Amino acid sequence: MYPCNYTYFMKEAIIEAKAAYQCGEVPVGAIITLESEIIARAHNEVETRRDPTAHAEMLAIQKAAMVIGNHRLTETIMFVTIEPCGMCVCAMVWARVKQLVYGADNPKAGACGSVVNLSQNSQLNHQIEVVHGVLEQEARELIQDFFKEQRAAAHIGEVPKWS
């Protein structure tokens, strides 16, 4: 189905997503590899940084560029727990990420086919090879549990962490 290291790296992305969950962030985690080595890892920090661009993918791209010493990530693979949004996919396109591997689809904001497909748009200057469904159930359950918890907190009068 997938190379065995895809599962390993997705598990690492899920560890990042769980770290986001513990911080009250939407639980999305990202890993970037180069030649089967992790060169960057990140999780959502939108609430922590009060920055709408502080998505796991964006932060991982920034870290990877620093490690490589170049804004072009041409031989890298991005592993992310949830299908990325348009902002993040476009950042991957501009960085020339070679491949994207993600867990669960994002039917409300996914930009790799769920809502739009920016990863394969021939009008853009780069297309990204996409593999989806790696540890899909675990990734989906993590984000669903987070939002169930947030809705329950809002129902009893607490302010949701994501509001």
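Each value, and the rule that gives it
Residues numbered from 1 in each chain as written. Predicted model: local features only at pLDDT ≥ 70, side-chain atom pairs only at ≥ 80, totals over all residues. Heavy atoms only, no water. Helix = DSSP H or I, 4+ residues; strand = E, 2+ residues; numbered from the N terminus. Phe/Tyr/Trp six-rings, centres within 6.5 Å; stacked < 30°, edge-to-face > 60°. Buried < 20%, exposed > 50% of the residue type's maximum accessible area, 1.4 Å probe, protein only. Lys, Arg positive; Asp, Glu negative; His and termini not counted. Salt bridge = Lys/Arg side-chain N within 4 Å of Asp/Glu carboxyl O. Polar contact = N/O pair within 3.5 Å; in protein donor to acceptor, adjacent residues only side chain to side chain. Contact = heavy atoms within 4.5 Å. Expected span 1.5 Å × (residues − 1). Arc of directions from axis to C-beta.

One can find Gln-150 in helix α5 (residues 136-155). For the pair formed by Gln-150 and Met-92, sequence separation is 58 residues and the distance between their alpha carbons is 30 Å.

Evaluated as defined, the whole model comprises five aromatic pairs. Ring geometry for Tyr-6 and Phe-79: centres 5.5 Å apart, planes at 80 degrees, overall edge-to-face. Taken together, the positions of Tyr-6 in helix α1 (residues 4-22) and Phe-79 in strand β3 (residues 76-82) put the pair 73 residues apart, joining distant regions of the chain. What makes Phe-79 buried here is its relative accessible area of 1%. Consider the rings of Phe-146 and Phe-147, whose centres lie 5.1 Å apart with planes at 80 degrees: the pair is edge-to-face. On the basis of relative accessible area, Phe-147 is assigned to the partly exposed category, the value being 25%.

Moving on to the side chain of Glu-25. Residue placement: Glu-25 occurs in the loop between α1 and β1 (29-34). We note that Glu-25 is buried and unpaired, the nearest opposite charge coming from Arg-50 at a distance of 7.5 Å. A polar atom in the side chain of Glu-25 sits 3.1 Å from the backbone nitrogen of Val-46. A distance of 2.9 Å separates a polar atom in the side chain of Glu-25 from the backbone nitrogen of Glu-47. Setting aside residues up to four positions removed in sequence, Glu-25 forms contacts with Ala-20, Asn-44, Glu-45, Val-46, Glu-47, Thr-48 and Phe-146.

For α5, built from 20 residues, the straight-helix expectation of 28 Å at 1.5 Å per residue is met to within 8% by its first-to-last C-alpha distance of 28 Å. For α5, the set of buried residues is Ala-139, Leu-142, Ile-143, Phe-146, Gln-150 and Ala-153. Each buried residue of α5 lies within a common arc of 90 degrees when the element is viewed along its axis, so the set occupies one face. Set apart from the buried face of α5 by more than 90 degrees, the exposed residues are Gln-137, Lys-148 and His-155. Next to the buried residues of α5 lie α1, β3 and β4 (99-104).

With that settled, the discussion passes to the environment of Val-116. Relative to the helices and strands, Val-116 resides in the loop between β4 and β5 (129-132). As for Val-116 and Val-97, which are separated by 19 residues in sequence, their C-alpha atoms are 18 Å apart. Apart from the residues within four sequence positions on either side, Val-116 is in contact with Gly-110 and Ala-111.

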